Amino acid sequence: MEDCVFCKIVRGEIPCDMVYEDERFLVFNDIQPQAPVHMLLIPKKHVKSISAMTDEDIALVGQMVNIATRIAAAAGISAKGFRLVTNSGKEGGQIVPHLHWHILGGRQLSGELG
Ligand code: 5GP
Ligand code: ZN
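Per chain, residue numbering runs from 1 following the sequence as it is written. By the order in which they are written, chains take letters starting at A while ligands take numbers starting at 1. Side-chain atom pairs in this predicted model are given and counted only at pLDDT of 80 or more, local residue features only at pLDDT of at least 70, and totals for whole chains, interfaces and linings cover all residues. Calculation of side-chain values draws on the structure's entire complement of heavy atoms; hydrogens and water are dropped beforehand.

A. Structural view of the site of ligand 1. Around ligand 1, the surrounding shell holds 16 residues, and the nearest of these are Asp30, Asn87, Gly93, Ile95 and His100. In this structure, Gly93 approaches ligand 1 through a main-chain N or O atom, which is 2.7 Å from an oxygen atom. Under this definition, polar contacts are N or O atom pairs within 3.5 Å; protein pairs additionally need one hydrogen-donor-capable and one acceptor-capable atom, and for neighbouring residues in sequence, both atoms have to be side-chain atoms. Between ligand 1 and the protein, one listed contact pairs an oxygen atom with a side-chain N or O atom of His102 at 2.9 Å. Per-residue and other accessible areas were derived by the Shrake-Rupley procedure at a 1.4 Å probe size, with only the shown protein chains allowed to occlude residues. Computed on the free molecule, ligand 1 has an accessible area of 520 Å², of which 84% lies beneath the protein chains in the complex. A pocket here means an open set of points on a 1 Å grid, computed over the protein atoms alone, that has protein on both sides within 12 Å along at least five of seven lines. A cavity is instead a set of points where a 1.4 Å probe fits but cannot get out; residues with an atom within 4 Å of a point line either one. More than half of a molecule's atoms within 2 Å of the grid points is what it takes for that molecule to sit in a cavity or pocket. When atoms are counted within 2 Å of each cavity's grid points, the one that captures over half of ligand 1 is the largest pocket. Elements supplying a minimum of two residues to the shell around ligand 1: α1 (5–10) and β2 (25–29). By residue number, the principal contributor to the shell around ligand 1 is α1, which donates three residues. Residues were grouped as follows: Ala, Val, Leu, Ile, Met, Phe, Trp, Tyr, Cys and Pro as nonpolar; Asp, Glu, Lys and Arg as charged; and all remaining residues, including Gly, as polar. Within the shell around ligand 1, the residues separate by chemical class into eight nonpolar, seven polar and one charged. Nearness of a residue to a molecule or strand requires only that one of the residue's heavy atoms be within 4 Å of it. Put simply, DSSP marks the helices as runs of H or I at least four residues long and the strands as runs of E at least two long, and each gets a number from the N terminus on.

B. How the structure looks around the nonpolar core. Here, nonpolar core refers to any group of buried Ala, Val, Leu, Ile, Met, Phe, Trp, Tyr and Cys residues whose side-chain atoms link them within 4.5 Å. Categorising residues by exposure relies on relative accessible area from a 1.4 Å probe, with only protein chains included: less than 20% of the type maximum marks a residue as buried, more than 50% marks it as exposed, and the intermediate range marks it as partly exposed. Core analysis: the largest hydrophobic core is formed by 17 residues, its most contacted members being Leu41, Met64 and Ile103. Of all the secondary structure elements, the ones that give two or more residues to this core are β2, β3 (37–43), α2 (58–74) and β5 (101–105). Top element by residues in this core is α2. It accounts for six residues. The contact criterion used is simple: two residues touch if any of their non-hydrogen atoms lie within 4.5 Å. If we ignore the near neighbours within four places in the chain, the residues touching Ile103 are Val37, His38, Met39, Leu41, Ala68, Ile71, Ala72, Ile77, Phe82, Arg83 and Leu84. Cys4, Cys7, Phe28 and Leu40 belong to the second-largest nonpolar core, a separate cluster that totals nine residues.

C. The arrangement of the pairing of β2 in detail. Across the five residues that make up β2, a large majority, four, are buried. Both strand β1 (residues 18–21) and β2 contribute to a ladder of three bridges, which runs antiparallel. Bridging from a neighbouring strand, Tyr20 pairs with Val27 of β2. Count of turn residues in the β1/β2 antiparallel hairpin: three residues. Here, strands pair whenever DSSP counts at least two bridges between them. Note that β2 and β3 share five bridges and pair antiparallel. Residue pairing in the sheet places Leu26 in a bridge with Ile42 of β3.

D. Broad picture of the coordination of the zinc ion (ligand 2). Water is not part of the atom set, so a site may look incomplete; the donors themselves are N, O and S atoms within 2.8 Å of the metal, or 3.2 Å for Na, K and Ca. Cys4 (SG), Cys7 (SG), His46 (ND1) and His98 (ND1) make up the full set of protein donors to the zinc ion (ligand 2), lying at 2.0 to 2.3 Å. Along the chain, the residues donating to the zinc ion (ligand 2) are arranged with the sequence spacing C-x2-C-x38-H-x51-H. With a gap of 39 residues between them, Cys7 in helix α1 and His46 in the loop between β3 and α2 connect regions that are remote in the sequence.

What is shown is where atoms sit, not what they do.
Written as structure tokens, this is what we have:
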């Protein structure tokens, strides 16, 4: 079992403000939102980052983008625009070593992460 904060959320050991769940993915609100809408989309499978992905994970990435755009639309941030970003490694700004996509919107974003 992974000693990882997002794996603990997947297992229900740490609570989250859940937005969406299916067999493979979970979407929940970020605990320290950087924008009016700031959700995190994670695979339930522990993958460290996009850099750790293999050819087997190609479909997973496509599914994640598809879910992210649908969740953004459902959250009402699609028409005005939103940002989908994933950090990889220390200099990429990744703090939690479990692949996640930030879904950000609800204000004008700019700069590195807006
Ligand atoms: P990173 O810098 O790794 O790309 O982003 C990690 C994100 O996870 C941060 O925005 C941080 O606020 C969020 N985060 C860290 N721990 C928790 C947690 O226990 N619950 C929730 N909902 N978000 C978390
Ligand atoms: Zn994990």
